[in-house]
Structures are given as C-alpha cells and as structure tokens.
Amino acid sequence: MKMSSRSTRTTCTFILLVCFLISQLMVHNVVSECKRNMVIFNFGDSNSDTGGYPAAHGIRFGFPDGRTFSHQPSDRLCDGRLILDFLCENLNMNYLTPYLESIRPNFTNGANFAIGGASTLPKNVLFSLSTQVLQFVRFLQLQSTGLEDLVEKDDLMNALYMIDIGQNDLAGAFTYLSQAQVIEKIPSFISEIQDAILGIYKHGGKNFWIHNTGPLGCLPQKVATRNASNLNDLDDYGCVKSMNEAAEAFNNQLRDLCKQLRLQMKDATIVYVDMYAIKYDLIANSSTYGIQNSLMVCCGYGGPPYNYNANITCRQSGCTLCEEGSSYVSWDGVHYTEFANSIVATKILSTNYSTPPLDLHHFCT
C-alpha cells in the first residue's frame, strides 16, 4: 500500500525524534574519559550562572525555577539544569560552585564567575566581564596561600576557561540604538573579551572554550515586544531579523578574534563554539525535537502565540506554567528550558559546532 506524503512525513519525524531521544540519553550516561581531575573556570551571564546572582544579592531563586530537576531552589534561571550543568555531568565532575557562594563551597573542580545580567561593558562595574577576571585573579591569590578545598596546583595548570557573554550587551544596546548603531558598538564588546582572554593567559591560562552568542531575535521576549508595525523585520520562523543580524555580526568578529589569538598565543588552545547555529536549529527545525511552538514561553502569561507579557512575567503573580515535561525551548522568554539546554549540550559534545573540533575530554586526558 502506498503511504501518503503526510504519513511519510509523520514517520520520518517520529524516527528523527527517537534518534534524538537516544542521543539525549547518551548525555547523561557517557562514561567520562578523564584521566585527571577536570577543572573549569567559567565567565559569563545568566546563561551559565549557577547561583552567583542570588548569592551576590542575598536571595534565592525558588519555584518555579528548578522544578524539573532539583524540585527545590536551584538558584538558576531555568526549570532545571543549564548547559554548563550538562557539560559538567558529561565530564563526571561536580556542578560548578559560584565564586560568591559562602556556604560550604567546593572549588576542587574550579569556580563559576558568571553572574546573571553581566555584560562586557561598562568596564569594571559589578559584575562585568572585566570584574569577573579580577575575581579570578583574586581566587588564584587565595589558592596560592594553601587554603583547603581549592583547586590543586597541578590541576590548575590544565584548567579550561569558558566564556559565554555578549547577549546582554546586544540586548541592552537595542533598547536605545538602531541596528546600525548597535553593530558599530560590537568592536568594543569584542575588545573586552579579548582583554579577558589575554588577562587569563597572562596568569597561566592555556585552554579556552569560547561560546558565541545565540539568536537574540528568537527570544520570545524580543519577538513579543518588537515594533509590530515593521512586518518585514521577521524571518521565516518568526524571529526578529535585525537582532539576529547583529548577533551574527558579533559572532563573526568573535570568530575572527579567536583566529587572531591562536596566532598570537601559540602555546594556547582556543575552541570557538557556534552556539548560534545550535540554538537557531531548535527554532528552524523544532518539529524534529517534538516542539510544537518554538517561540512559546513555558512560564509566562497571555497564551498563544508567545505566552509573554512584559507586565506579568515568569515568577510574578498571575503567570502560568506549561505542563512539566513539555517540549518548550523558552522557559521565561529569555532563558532556555532544561529540555532545550540538554539538546544544546548534546550538540556541543558532538564537536560538530566547534573550531577546532576538540572534545571536552581532550582537556582532562
């Protein structure tokens, strides 16, 4: 019997979804290949903040954050684990402790300097990238005094330095500048990232893992609050083109920076990871992952098409929650769900989006 084209598409989608689910299981069940203690120092914003912001401000991120994984305050702006958490799991290491955490911190696997809301500019303010690097230098100074529960000296020499920042710089610039003016500011953002890498290198850092920025214009917050009169500013998948074009301009300059620094720092390893391609694929090929509405917020208010209302956002009275375990990309309009983060982590681990295509385990074997 000849199958209809619709049946064929359904079958293909089902097969792709099964293959994807199998790959997700691999994220959690891979046996670490590490032969020595893995150490990571992470710098960035809320995309990788494992509790720095609440520690700095004396608060907790409670329900609904953390509902999927810990079922208790996780101090992450997510319903569960972040991309960084999944990478740590794959390496069979502890989740990274925020540098500012004072209650029973564990820094034997490194430290997390990322803070929600952080950006590259303005310089030397709380908690800009330059300040995070200064905190790292202070950490080294304390480590040299022989304090317990810090990174071992031998492990420190082989540490991996992750940087994932720039989204807030672009988002902030778009609140008061045109797209052309935002793009003009990008070199100043890249310059700060360059200074951070060189500063870490000066203090012994040799291994760098650099994430580019994701498709800013695909965040439901940006789509829902855009200038609705400009219909030409949406792409085929409903994302804001002008913002994504700026993100791509940022990424092109960041990629060029990594190329330049590889020539300048010949004894260092610099891996550039294309987070934009990974995250945009979640939107463009959402059905492959069982996602029905890639721009719909899980925790928000207002219903379709975005379930986002700037006056009643996630964590505020009146917000609504999607069913736990649902396939959503966006948790609150800005941050990704654990479901989406697990997909992104899987793709990072594939090395298909990395230049050079080095596995994370390369840094601990």
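Residues numbered from 1 in each chain as written. Predicted model: local features only at pLDDT ≥ 70, side-chain atom pairs only at ≥ 80, totals over all residues. Heavy atoms only, no water.

**Digging into the state of the cysteines**
Next, step 1: Across all of its chains, the model carries four disulfides by this definition.
Next, step 2: Across a sulfur-sulfur distance of 2.1 Å, Cys 218 and Cys 239 are joined as a disulfide pair. Disulfide Cys 218-Cys 239: the torsion about the S-S bond is 105°, which places it as right-handed. In this pair, Cys 218 is assigned in the loop between β4 (207-211) and α8 (220-224) and Cys 239 in the loop between α8 and α9 (241-264), connecting sequence segments 21 residues apart. Assigned by exposure class, Cys 218 and Cys 239 land together as buried.
Next, step 3: With a sulfur-sulfur separation of 2.0 Å, Cys 299 is cross-linked through a disulfide to Cys 314. As the torsion about the S-S bond is roughly 90°, the Cys 299-Cys 314 disulfide counts as right-handed. Separated by 15 residues along the polypeptide, Cys 299 in strand β6 (residues 299-300) and Cys 314 in the loop between β6 and β7 (320-321) bring together distant segments of the chain. (Disulfide = S-S within 2.5 Å. Helix = DSSP H or I, 4+ residues; strand = E, 2+ residues; numbered from the N terminus. Buried < 20%, exposed > 50% of the residue type's maximum accessible area, 1.4 Å probe, protein only.)

**Overview of the confidence of the model for the chain**
Next, step 1: The pLDDT averaged across the chain works out to 91; a share of 91% of its residues lies at or above 70.
Next, step 2: Counted against residues more than four places away or in other chains, residues 1-16, with its pLDDT under 50, gives four contacts. (pLDDT = per-residue confidence, 0-100. Contact = heavy atoms within 4.5 Å.)

**Looking at helix α6 (residues 167-174)**
Three or four residues apart is the spacing at which side chains of an α-helix point the same way, because the helix has 3.6 residues per turn.
Next, step 1: Most of α6 is tucked away, with six of its eight residues classed as buried.
Next, step 2: Along α6, the residues that are buried comprise Gln 167, Asp 169, Leu 170, Ala 171, Ala 173 and Phe 174.
Next, step 3: Where the residues of α6 are buried, they touch α7 (179-202), α8 and α9.

**Quick word on the packing of aromatic side chains**
Next, step 1: In total, this model carries 17 aromatic pairs according to the counting rule given.
Next, step 2: For the pair Phe 41 and Tyr 161, a centre-to-centre distance of 5.5 Å together with 20° between the ring planes defines the contact as stacked. Here Phe 41 is found in strand β1 (residues 40-44), whereas its partner Tyr 161 is found in strand β3 (residues 160-164), with 120 residues between them in sequence.
Next, step 3: Accessibility expressed as a relative area gives 0% for Phe 41, which makes it buried.
Next, step 4: Residue classification places Tyr 161 among the buried residues on the basis of a relative accessible area of 2%.
Next, step 5: Taken together, a centroid distance of 6.0 Å and an interplanar angle of 80° make the contact between Phe 43 and Phe 136 edge-to-face. Of this pair, Phe 43 sits in strand β1 while Phe 136 sits in helix α4 (residues 129-143), and the two are 93 residues apart along the sequence.
Next, step 6: Of the aromatic side chains, those joined through ring pairs into one cluster are Phe 41, Phe 43, Tyr 99, Phe 107, Phe 113, Phe 136, Phe 139, Tyr 161 and Phe 208.
Next, step 7: Lying over the aromatic face of Tyr 95, Arg 76 brings its terminal NZ or CZ to 5.8 Å of the ring centre.
Next, step 8: Taking NZ or CZ as reference, Lys 279 lies 4.7 Å from the ring centre of Tyr 336, over its face. (Phe/Tyr/Trp six-rings, centres within 6.5 Å; stacked < 30°, edge-to-face > 60°. Lys NZ or Arg CZ within 6 Å of the ring centre and 35° of its normal.)

**Notes on the pairing of β1**
Each regular strand displays side chains that alternate between the two surfaces of the sheet.
Next, step 1: Across the five residues of β1, five count as buried, placing the element largely inside the fold.
Next, step 2: What you see with β1 is no split at all: Ile 40, Asn 42 and Gly 44 on one side and Phe 41 and Phe 43 on the other are buried throughout.
Next, step 3: As paired strands, β1 and strand β2 (residues 110-112) are joined by three bridges and run parallel to one another. Considered in β2, the bridge of Ile 40 is made with Gly 110.
Next, step 4: Pairing between β1 and β3: five bridges, direction parallel. Looking across to β3, one finds that Asn 42 is bridged to Met 162. (Pairing = 2+ DSSP bridges.)

**A look at the nonpolar core**
Next, step 1: Membership of the largest hydrophobic core comes to 97 residues, with the highest contact counts inside it found for Phe 41 and Phe 43.
Next, step 2: In contact with Phe 41, other than residues within four places in its own chain, are Gly 110, Ala 111, Phe 113, Phe 136, Phe 139, Val 151, Leu 156, Ala 159, Leu 160, Tyr 161 and Met 162.
Next, step 3: Residues Met 296, Cys 298, Cys 314 and Cys 322 belong to the second largest nonpolar core, which totals seven residues. (Core = buried A, V, L, I, M, F, W, Y, C linked by side-chain atoms within 4.5 Å.)

**A closer look at the sheet that holds β4**
Next, step 1: Strand order in the open sheet formed by six strands is β2-β1-β3-β4-β5-β8, with mixed pairing between adjacent strands. Both edges of this open sheet fall to β2 and β8 (354-355), since each of them pairs with a single strand only.

**Quick notes on unusual backbone geometry**
Generally, phi is negative for residues other than glycine and the peptide bonds are trans, each holding for most cases.
Next, step 1: Look at the link from Phe 63 to Pro 64: it is a cis peptide, with omega at 10°.
Next, step 2: On the secondary structure map, Pro 64 appears in the loop between α2 (52-57) and α3 (83-90).
Next, step 3: Here the bond from Pro 304 into Pro 305 is cis, since omega is 10°, no more than 30 degrees from zero.
Next, step 4: Its location among the elements puts Pro 305 in the loop between β6 and β7.
Next, step 5: Unlike most non-glycine residues, Asn 92 shows phi in positive territory, near 55°.
Next, step 6: Here Asn 92 lies in the loop between α3 and β2.
Next, step 7: The class of Asn 92 is exposed, set by a relative accessible area of 65%.
Next, step 8: Positive phi outside glycine occurs at Asn 307, with the angle close to 55°.
Next, step 9: Within the secondary structure layout, Asn 307 lies in the loop between β6 and β7.
Next, step 10: Residue classification places Asn 307 among the buried positions, given a relative accessible area of 7%.

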